[in-house]
Amino acid sequence: MNIKEMIEEFLVCPKCKGQLELSTINNKTEESNICEYPILICRSCDVYYPIEDDIPVLLIDEARKLDGNN
Ligand SMILES: [Zn+2]
């Protein structure tokens, strides 16, 4: 079982307890470089949760709206 499978198997959305999908988001840094950040998406809530230093931040307060591009 790899990390991706483990995350999707064991981690759930703190709002709806639904399954999360490991993905990435592109963000511009201050130097205008495009950076890819890992995120966990909940399709039911239409939000994503950030992963900081390899630790998923599964807090309702940290949920961020998907902009529809994913
Ligand atoms: Zn959810």
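We now turn to the structure provided with this report. (Residues numbered from 1 in each chain as written. Predicted model: local features only at pLDDT ≥ 70, side-chain atom pairs only at ≥ 80, totals over all residues.)

## So, the overall build of the protein chain
Helix and strand content of the protein chain: one helix and five strands. Moving toward the C terminus, one meets the helices and strands of the protein chain in the order α-β-β-β-β-β. Contacts in the protein chain between residues at least 24 apart in sequence constitute 26% of all its contacts with a sequence separation of at least 6. (Helix = DSSP H or I, 4+ residues; strand = E, 2+ residues; numbered from the N terminus. Contact = placed C-beta atoms within 7 Å.)

## Focus: the nonpolar core
Counting residues in hydrophobic clusters, the biggest one holds nine residues: C13, L20, I39, L40, I41, C42, Y48, Y49 and A63. At four residues, the largest contribution of residues to this core is made by strand 2 (residues 34-42). Not counting residues within four places of it along the chain, the set of residues in contact with L40 comprises I7, L11, L20, E21, L22, Y48, Y49, I51 and P56. (Core = buried A, V, L, I, M, F, W, Y, C linked by C-beta atoms within 7 Å. Buried ≥ 20, exposed ≤ 12 C-beta atoms within 10 Å, placed from the backbone.)

## So, the environment of E9
Structurally, E9 can be placed in helix 1 (residues 3-10). By C-beta crowding, E9 is classed as exposed, having 11 other C-beta atoms within 10 Å. The sequence separation of E9 and I34 amounts to 25 residues, and the corresponding C-alpha distance is 30 Å.

## Notes on unusual backbone geometry
Even without being glycine, D46 reaches a positive phi, approximately 60°. With respect to the secondary-structure elements, D46 resides in the loop between strand 2 and strand 3 (47-52).

## Some details on the pairing of strand 2
Two elements, strand 1 (residues 21-28) and strand 2, share eight bridges in a ladder whose sense is antiparallel. Opposite T24, over in strand 2, you have P38 as the bridge partner. Linking strand 1 back to strand 2 in an antiparallel pair, the connection comprises five residues, with S32 at a positive phi of about 65°. For strand 2 and strand 3, the ladder comprises four bridges, and the chain directions are antiparallel. (Pairing = 2+ DSSP bridges.)

## Quick notes on the environment of I34
Mapped onto the elements, I34 comes out in strand 2. Residues I34 and K4, 30 residues apart in the sequence, show an inter-C-alpha distance of 23 Å.

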